[in-house]
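Now for the letters of each chain:
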Amino acid sequence: LGMHALLIATVALCPVTAAAWSENIVAGENYPPLWDLAPESLLDFPVKDNKIIINAWNYQERMGVYKSLLKSSAKYFSAFGPQNIGNILWGLPLQHGWQFRTGRLADPSGVTSCGSDDGDLLCQSVRSWWSCMNYYLSVIPFLGAVKAGLFGQLPHEVKILPPEERKDDFCYSVADCWSRMPKLMDDWKAFFEVNNVTFLTHKHKVMSPATFNLDDALGLAWRAHVTSIAYALPKFQDSLNYFSDPEKNFGEDWSNAVDFIAATHFSTDLLTVNDFQAFLPHRILVEGDVLPSISDFSPQQNNILVSMSALHKANKLTGGLLLKLWQKAMSTEAGRKMGRKLIESLTSS
């Protein structure tokens, strides 16, 4: 049951041809919303008092953080596809783009107009569980990359602006984050360091393709990813109460599913993630949405939500044993390959 639920929850059910992908990429259809408008590099952000100032509570600027990561790491993934499509960092901005497109970053309490159509559409609410969780999957990896030297020697220190509420739940610079959450920062920093067979040598020279192991890199990326979620989840549990029960359950189911997905070293390149997201909910779940019969959801969308819920319940009933068994099965490269092949077999069916 756990294996089946995981596979249903993580596959893309509508694969397309390479030619179609190429056309869509050229047209920009598979990039996150407003990707072209996001800042290209860190030097495109404003500088004040000798600090690069980033407002991570503005969707466009948070996307700019992602864009700088994708651009600075592009050369390391040139062997995995044209136009940087093979870069495994794509999963982060694509997920955030889905959150923005579906309205999950707006103020769910309705107290402010943050993120609403009649307010500041680009505003990301600190009351949104999705927005707060994503902070730990955008700002933290970005500052980890700064610490690791991905951007070289920057002319200014980077400063992240705080939100209006819950200031103590976030950190705002490399030094601040390193002192407050060293394990989390270290996991993201490790993703960019040569000692763990990833991108850079200590002298910031490109590693040869022969020494680059994509499975190792994916393992490090997913390890940091699940560490971020585990760190942030208890902090923002109360924020789920702003949402309906169906959306709250979906958020918890999603967090649980990530642990299972991570164990397979699931590829997070541009094409795979776009396929993966094709049948995620296209709107926030509301009271009255009852699975598996949400009327404006496709059968695939309903099935994915049902499967994620079943997987979460099964894992809770076993006291987390299901996840441990899955992780054990995925602990070898051969096991992970088998897991991904099972996923691929469903996508082609």
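A quick note: this is a predicted structure, and the numbers were derived from the prediction, not measured. (Residues numbered from 1 in each chain as written. Predicted model: local features only at pLDDT ≥ 70, side-chain atom pairs only at ≥ 80, totals over all residues. Heavy atoms only, no water.)

**Looking at the sheet that holds strand β1 (residues 47–48)**
At step 1: The strand order β1-β2-β3 describes an open sheet built from 3 strands, whose pairing is mixed. A single partner strand is all that each edge strand has here, and the edge strands are β1 and β3 (157–160).
At step 2: Sheet topology note: the β1/strand β2 (residues 51–54) ladder contains 2 bridges and is antiparallel. The residue bridging Val-47 from the neighbouring strand is Ile-52, located in β2.
At step 3: In the packing of helix α6 (residues 139–148) onto the sheet, contacts are made with β2 and β3, and the angle to β3 comes to roughly 170°. (Pairing = 2+ DSSP bridges. Helix = DSSP H or I, 4+ residues; strand = E, 2+ residues; numbered from the N terminus. Contact = heavy atoms within 4.5 Å. Axes fitted to C-alpha atoms, helices over the stretch in contact; angles between N-to-C directions.)

**A word on α6**
At step 1: Burial within α6 is extensive, with 9 of its 10 residues counted as buried.
At step 2: Among all positions in α6, only Val-139, Ile-140, Pro-141, Phe-142, Leu-143, Gly-144, Ala-145, Val-146 and Ala-148 are buried. (Buried < 20%, exposed > 50% of the residue type's maximum accessible area, 1.4 Å probe, protein only.)

**Focus: the packing of helix α10 (residues 245–263) against helix α12 (residues 299–317)**
At step 1: Look at α10 against α12: their axes get within 9 Å of each other, and the N-to-C directions meet at 75°. Between α10 and α12, the angle is such that the two are roughly perpendicular. In this structure, α10 uses Phe-250, Glu-252, Asp-253, Trp-254, Asn-256, Ala-257 and Phe-260 to contact α12, whose residues at the interface are Leu-305, Met-308, Ser-309, Leu-311, His-312 and Asn-315.
At step 2: Looking at side-chain class alone, the contact of α10 with α12 contains 7 nonpolar, 4 polar and 2 charged residues. (Parallel < 35°, antiparallel > 145°, perpendicular 65-115°, else oblique. Nonpolar A, V, L, I, M, F, W, Y, C, P; charged D, E, K, R; others polar.)

**What to know about the state of the cysteines**
At step 1: In total, this model carries 2 disulfides according to the counting rule given.
At step 2: A sulfur-sulfur distance of 1.9 Å marks the disulfide that ties Cys-171 to Cys-177. The S-S bond linking Cys-171 to Cys-177 shows a torsion near 95°; that makes this disulfide right-handed. Just as Cys-171 is buried, Cys-177 falls in that class too.
At step 3: Among the cysteines of the protein chain that take part in disulfides, numbered as they appear in the sequence, the pairing is 1-2, 3-4. (Disulfide = S-S within 2.5 Å.)

**Describing the packing of helix α8 (residues 182–191) against helix α9 (residues 214–232)**
At step 1: Interaxial distance between α8 and α9 falls to 9 Å at its minimum, and their mutual angle equals 160°. The orientation of α8 with respect to α9, classified from their angle, is roughly antiparallel. Of the two elements, α8 crosses α9, and the hand of that crossing is left-handed. Contacts from Lys-183, Leu-184, Asp-187, Trp-188, Ala-190 and Phe-191 of α8 reach α9 at Ala-217, Leu-220, Ala-221, Arg-223, Ala-224, His-225, Thr-227, Ser-228 and Tyr-231.
At step 2: Along the lines of polarity and charge, the residues of the contact of α8 with α9 split into 9 nonpolar, 3 polar and 3 charged. (Left-handed = near helix turned anticlockwise from the far one by under 90°.)

**Some words on the packing of aromatic side chains**
Aromatic ring pairs are reported here in terms of the distance separating the ring centres and the angle at which the planes meet.
At step 1: Tallied over the entire structure, the rule returns 21 aromatic pairs.
At step 2: The interplanar angle of 50° and the centroid separation of 5.1 Å between the aromatic rings of Trp-35 and Trp-90 together place this pair among those described as tilted. Placement of Trp-35 in the loop between α2 (18–27) and β1 and of Trp-90 in the loop between α3 (59–73) and α4 (91–101) is noted, with a sequence separation of 55 residues between them.
At step 3: Accessibility expressed as a relative area gives 9% for Trp-35, which makes it buried.
At step 4: Geometrically, the ring pair formed by Phe-266 and Phe-276 is tilted, given 5.5 Å between the ring centres and 55° between the ring planes. One end of the pair, Phe-266, is in the loop between α10 and α11 (270–277); the other, Phe-276, is in helix α11, with 10 residues separating them in the sequence. For the pair formed by Phe-266 and Phe-276, the shared burial category is buried.
At step 5: Note that Lys-147 overlies the ring of Trp-178, its terminal NZ or CZ placed 5.0 Å from the centroid. (Phe/Tyr/Trp six-rings, centres within 6.5 Å; stacked < 30°, edge-to-face > 60°. Lys NZ or Arg CZ within 6 Å of the ring centre and 35° of its normal.)

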